[in-house]
Amino acid sequence: AVDPSTSTLVISPTSADNRATWWGTAIANALDEGAEAEEAEEAGEAEEAEEAEEAEEAEEAEEAEESPRVQAGSCHTAKSALSMAHVFTGQIDEVLNLPYTQEDMDYRIPLLVGNAMVVTGNASKAEPAYRQAMQLNKSEGALGLGLSLYAQGKGEQASQIFGRSVWTNPGNLQIANLYAESIALSQGMDTAIEAVAVLSASSPQNPTWALAMARTLAMAEADSSQALNHAIGLFEHAVAGNPPGELIGQYALALVLAERYEEATIMADASLKVQANSPSALLALAGMAANEGEMDFANQLRRRAAFSNFSNPAYAALLKP
């Protein structure tokens, strides 16, 4: 089976017609509805951001002769929304050159700049942007710094940062995956397995970390069946009631890794109906598409999973060269 969280990504334009037919109309409709809702939201945010920025610039021009002033935080928030709109449409170059050093800035702006630098192959240049983000939001900026170090091959330093981030984000599968990968890079797969085993054992009812354990074993080409079945059992209980969309999406991912594709399709569909751009649901669909040889469509789904969650460095990492 293809591991959807590690398959190669090729950035290409999304096509509504480029769709595998094997999962039926339910998934197709969920994807279309989610995409339309997201596009409408992004378009609205972009329009509001442009209007806010124009109003701010006009106000600055009026007051420029009276006294110098620091840009208002609301303007930075508007710029952040506009930058996310650029990211979602794949206009990474529009983000790379944003100024990001103002003290009252929305932390997402330097974070987006850093992420854009990493995914365009300039990881070392991303560090100043992430350090600026850390001054505004320590945990998110630190996660970005970890991504920059990891992308530069500095696995030991990155694993220390991811190790702190994973404990404070127990439901984020991508951070757990990056933690395992960075340890494997610097200390080998056996050490990575041991570290994730400690993580999973510390919270035995956490299906996210149980899935990370199964994935790490699979990454090492070890027998992961017992760990994967354990994770699936935890997800079965966790999704009862009214779970968040991303948790359902992680369940779908676990089912894909177990090659239980029909059940995975149902869970991915349910996840997208709750959360239109659940990254794990999109990655689960990407894995199934790849298994069917639909690589272009798989890449588009991975691209959407990354870009629609791009302000989080863990998901921006999906686009890492």
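Residues numbered from 1 in each chain as written. Predicted model: local features only at pLDDT ≥ 70, side-chain atom pairs only at ≥ 80, totals over all residues. Heavy atoms only, no water.

### A few points about the overall build of the protein chain
For the protein chain, the helix and strand inventory stands at 16 helices and zero strands. Split into buried and exposed, the 321 residues of the protein chain put 52% on the buried side. If you take every contact in the protein chain between residues at least 6 apart in sequence, the share linking residues at least 24 apart comes to 62%. Surface summary for the protein chain: the accessible area is close to 14300 Å², and the carbon and sulfur share equals 48%. (Helix = DSSP H or I, 4+ residues; strand = E, 2+ residues; numbered from the N terminus. Buried < 20%, exposed > 50% of the residue type's maximum accessible area, 1.4 Å probe, protein only. Contact = heavy atoms within 4.5 Å. Areas by Shrake-Rupley, 256 points an atom, 1.4 Å probe, with all protein chains shown as cover.)

### Regarding the nonpolar core
Tyr130, Phe162, Val166, Tyr179, Leu211, Tyr251 and Phe310 are the most contacted members of the largest nonpolar core, which totals 88 residues. Top contributing element to this core by residue count: helix H14 (residues 279–291), with nine residues. Discounting residues that sit within four places of it in the chain, Phe162 has contacts with Leu143, Gly146, Leu147, Tyr150, Ile175, Leu178, Tyr179 and Ser182. (Core = buried A, V, L, I, M, F, W, Y, C linked by side-chain atoms within 4.5 Å.)

### Focus on the environment of Asn299
Tracing the chain through its elements places Asn299 in helix H15 (residues 295–307). On a C-alpha basis, the gap between Asn299 and Ala286 in space is 6.9 Å, while along the polypeptide they are 13 residues apart.

### Quick word on the pattern of salt bridges
Applying the stated criterion across every chain yields a total of five salt bridges. Of the charged contacts in the structure, one is a salt bridge between Arg108 and Asp106, with a shortest N-O distance of 2.7 Å. Look at Arg108 and you get partly exposed, because its relative accessible area is 30%. Linking Arg131 and Glu127 is a salt bridge whose minimum nitrogen-to-oxygen distance equals 3.6 Å. (Salt bridge = Lys/Arg side-chain N within 4 Å of Asp/Glu carboxyl O.)

### Digging into the packing of helix H12 (residues 245–257) against H14
Where H12 meets H14, the axes come as close as 7 Å, and the angle between the chain directions of the two elements is 25°. In this view, H12 runs roughly parallel relative to H14, as classed from their interaxial angle. By crossing handedness, the relation of H12 to H14 is classed as left-handed. Contacts from Glu246, Gly249, Gln250, Ala252, Leu253 and Val256 in H12 reach Pro279, Ser280, Ala281, Leu283, Ala284 and Met288 in H14. Tallied by class, the residues present in the contact of H12 with H14 amount to eight nonpolar, three polar and one charged. (Axes fitted to C-alpha atoms, helices over the stretch in contact; angles between N-to-C directions. Parallel < 35°, antiparallel > 145°, perpendicular 65-115°, else oblique. Left-handed = near helix turned anticlockwise from the far one by under 90°. Nonpolar A, V, L, I, M, F, W, Y, C, P; charged D, E, K, R; others polar.)

### Considering the environment of Ala212
Following the sequence through the fold, Ala212 ends up in helix H10 (residues 207–219). Each C-alpha atom, one on Ala212 and one on Ala197, is 9.1 Å from the other, the two residues being 15 residues apart in sequence. The contact partners of Ala212, leaving out residues within four places of it in the chain, are Leu173, Ala176, Asn177 and Val196.

### Overview of the side chain of Ser165
Of note, Ser165 is situated in helix H7 (residues 155–168). Classification of Ser165 as buried rests on a relative accessible area of 8%. Discounting residues that sit within four places of it in the chain, Ser165 has contacts with Leu143 and Ile175.

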